[in-house]
Amino acid sequence: MNDKQVRVRIAPSPSGNLHVGTARTALFNYLCAKKNGGKYILRIEDTDLERTEQKYIDNIYDSLKAIGLNWDEGPDVGGPYAPYQQSERFDIYKKYAQRLLDEGYAYECFCTQEELDAEKEQAIKERRAYKYSGKCRHLTPEQKEELRKQGKKPVLRFAVPEGHMKFKDLVKGELEFDLGLVGDFVIMKSNGIPTYNFAVVVDDIEMKMTHIIRGEDHISNTPKQIMIYNALGAEVPQFAHVGMILAPDKSKLSKRHGATAVSDFIAQGYLPEAFVNFIALLGWSPSDGEEIKTLDEIAKDFDLSRLSSSNSIFEYDKLKWMNGHYIRHLPIEDITNRAKAYLTDYDLSKYSEKQLQQIIESTREPISLLSEIKDGVSYFFEDELTIDEDVKNDILKTDLGKEVLDAFLKLCDELKFEDVEEIHHQLEAFRGVFKEKGIKPKQTMWIVRGALTGRTRGADIGVIISVLGKDRVVERVKKAMAI
RNA sequence: GCUCCCAUCGUCUAGAGGCCUAGGACACAUCCCUUUCACGGAUGCGGCAGGGGUUCAAAUCCCCUUGGGAGUACCA
């Protein structure tokens with residue numbers, strides 16, 4: 001490669017919330033910049049005035065920030081090539097368009113939608129691939145004047161030359177296209193707004209992009225874009241086209257498969273760390289086989305050569321597992337703080353921060369979504385415990401249940417409530433008594449757990465007893481005995 | 001239809017001619033641990049789409065078939 005500073009970009013269109021596919025593209029660009037000490041730029045491609053909405057722009061900012069992909073230059077932070085929002089760059093595109101017009105690389109086309117549709121229909125009838133005829137290519141100045149007088153507004157079309165276009169893609173390898181198959185495409189719409197293919201190139205030139213990393217759905221745009229680079233006498237950046245992210249049924253990922261927006265995943269309880277880690281593995285693989293990595297670690301290890309050229313399917317199973325892994329391994333203070341967002345229905349002031357952490361610590365193990373924490377800790381907060389029917393019938397109402405609870409109630413007088421370790425020891429002795437009578441330790445504890453939580457599963461029993469404290473433990477046991 | 005891209009366990013992938021009786025991760029199964037569910041650990045199940053070449057040697061290179069994906073807009 002060259003020794004220029006690497007400059008890459010993510011250029012989302014604000015016509016929807018930030019999509020996972022876009023997020024992954026952003027991630028790869030970000031990683032490429034970080035790895036090479038380059039710059040990672042955010043550019044908002046809002047030339048589609050109809051579909052652009054401010055809330056989507058906000059969502060893009062928020063989502064990108066949430067997963068840690070902060071940009072070096074962008075609409076909000078500015079930069080040497082501002083503005084970074086296409087709707088504010090219309091005069092720049094006009095200038096470049098005029099240049100292409102003047103130099104004969106582009107021409108005005110006055111064809112109406114009807115004419116174009118007719119051409120298209122004809123092509124279909126002849127079972128021929130459609131391509132614009134180029135009939136406006138050689139309009140005389142007089143003809144154009146006449147058309148203009150009729151009130152027709154022209155579009156600007158790029159005059160596609162004959163021949164073949166070849167370029168080397170960093171992940172796909174050598175790619176070749178027959179330009180005879182691509183028609184003269186529109187670069188400026190009749191309303192004076194540039195089309196995508198034109199605006200990207202102008203911006204990428206102006207913003208000095210060195211690498212274009214994007215989804216392979218852009219492969220067919222690439223020859224068109226390269227032609228524009230060439231016509232403008234600009235250096236062509238390196239391209240790297242990655243496979244797409246597909247839904248489990250191999251179709252395009254859509255809402256019907258669940259969430260598609262990064263913000264949806266986060267709202268569902270996925271941790272940003274886990275989410276980025278997971279999407280990084282979709283199309284990229286670590287050199288050491290170690291899959292659990294922080295963003296920084298991934299950046300250190302990142303290399304375009306390890307990008308995959310095939311599509312990958314977005315499966316929730318692994319994401320969930322990974323999310324659970326992060327929930328279990330991130331510092332407890334951190335997880336506790338984030339968990340609070342899901343516990344707003346509870347009166348958290350009931351417990352000290354330390355106790356809250358104990359609660360979360362012993363509840364975080366089995367969950368894979370942070371949102372599950374709410375249900376997981378409910379019995380710590382309910383004043384009126386809800387007891388599962390089968391816990392009532394199969395556990396608490398039994399003779400053994402009464403016996404165990406009676407004994408446990410007596411034990412409460414000696415229990416060292418403030419010391420979880422000690423509680424465990426005392427419990428061990430407690431279980432031992434029943435074990436001698438042939439009652440399995442797990443059965444004994446099941447009964448105590450049932451009385452205290454109303455469930456058969458939950459946090460560490462020592463923590464439950466300690467955090468609940470003597471008063472509530474005794475109260476709950478008595479209530480359970482009265483069932 | 002036309003053009004382009006892709007093809008290793010169910011899924012994500014390692015593999016850049018011999019290191020491959022194809023490695024890892026998720027999922028699944030069994031076992032162990034255990035105060036529950038889990039977590040963790042161990043073991044197992046499972047794949048080079050098919051067919052031709054090239055080569056002493058092919059998952060790796062070439063061709064064909066099949067399958068999948070993308071593009072084909074005055075959308076990005």
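A brief look at the structure comes next. The residue numbering used here restarts from 1 in each chain and proceeds along that chain's sequence as written. By the order in which they are written, chains take letters starting at A while ligands take numbers starting at 1. Local features in a predicted model are, by the rule used here, given only for residues with pLDDT of at least 70; side-chain atom pairs are given and counted only at 80 or more, and totals for whole chains, interfaces and linings are based on all residues. Side-chain metrics rest on all non-hydrogen atoms present in the structure, leaving aside hydrogens and water.

### What to know about the sheet that holds strand S7 (residues 186–188)
Strands in a sheet are paired, the pairing made by backbone hydrogen bonds, and the direction either parallel or antiparallel. Within the open sheet, the three strands sit side by side as S3-S4-S7. Their pairing is antiparallel. Sheet topology places strand S3 (106–109) and S7 at the edges, where each strand pairs with a single neighbour. Averaged over all adjacent pairs, the angle separating strand axes in this sheet is 45°, with direction ignored. Sheet analysis places S3 next to strand S4 (residues 155–158), joined by four bridges and oriented antiparallel. Bridging across to S4, Glu 108 finds its partner in Leu 156. Each pair of strands is called paired provided DSSP finds at least two bridges between the two strands. Counting from the N terminus, the helices are the DSSP runs of H or I reaching at least four residues and the strands are the DSSP runs of E reaching at least two. Axis geometry follows a simple rule: fit a line to the C-alpha atoms, using only the stretch in contact for helices, then measure angles between N-to-C directions, giving values from 0 to 180 degrees.

### What to know about the pattern of salt bridges
Salt bridge, as applied in this entry: a Lys or Arg side-chain nitrogen positioned within 4 Å of an Asp or Glu carboxyl oxygen. If you walk through the whole model with that rule in mind, you get 33 salt bridges. For Arg 99, the salt bridge identified is with Glu 103, shortest N-O distance 3.7 Å. On the basis of relative accessibility, which here comes to 33%, the residue Arg 99 falls in the partly exposed class. The partner of Arg 128 in a salt bridge is Glu 126, with the nearest N and O atoms 2.4 Å apart. Only protein chains enter the accessibility calculation, which uses a 1.4 Å probe. A residue is then buried if its area is under 20% of the maximum for its type, exposed if over 50%, and partly exposed in between. Relative accessible area serves as the criterion here: at 43%, Arg 128 is assigned to the partly exposed category.

### Let's talk about the packing of helix H17 (residues 399–411) against helix H18 (residues 420–436)
Two numbers describe how H17 lies on H18: the axes approach to 11 Å, and their chain directions differ by 145°. In this structure, H17 crosses over H18, and the sense of that crossing is right-handed. For the pair H17 and H18, contact is made by Glu 403, Val 404, Ala 407, Phe 408 and Leu 411 and by Leu 427, Phe 430 and Phe 434, respectively. Here the contact of H17 with H18 is built from residues that sort into seven nonpolar, no polar and one charged. A crossing counts as left-handed when the near helix is turned anticlockwise from the far one by less than a right angle, and as right-handed when that turn is clockwise. The contact criterion used throughout is that any non-hydrogen atoms of two residues lie within 4.5 Å. The residue classification treats Ala, Val, Leu, Ile, Met, Phe, Trp, Tyr, Cys and Pro as nonpolar and Asp, Glu, Lys and Arg as charged. All others, Gly included, are polar.

### Let's talk about the protein's contact with RNA strand B
The immediate surroundings of RNA strand B are formed by 57 residues, with Lys 172, Lys 189, Ser 220, Pro 366 and His 424 found nearest. Whether a residue is near a molecule or strand depends on its heavy atoms: it is near if one of them lies within 4 Å of it. Restricting the count to atoms of RNA strand B within 4 Å of the protein gives a sugar and phosphate share of 76%. Take Asn 311: an N or O atom from its side chain is 3.1 Å from a sugar or linking oxygen of RNA strand B. When residues of the surface near RNA strand B are traced back to their parent elements, those giving at least two are S4, strand S6 (173–178), strand S11 (312–313), helix H11 (316–329), H18 and helix H19 (441–453). Grouping the amino acids of the surface near RNA strand B by side-chain chemistry returns 18 nonpolar, 16 polar and 23 charged. Pairs of N or O atoms within 3.5 Å make up the polar contacts considered here, provided that, within protein, one atom can donate a hydrogen while the other can accept it, and that residues adjacent in sequence are counted only when both atoms are side-chain atoms.

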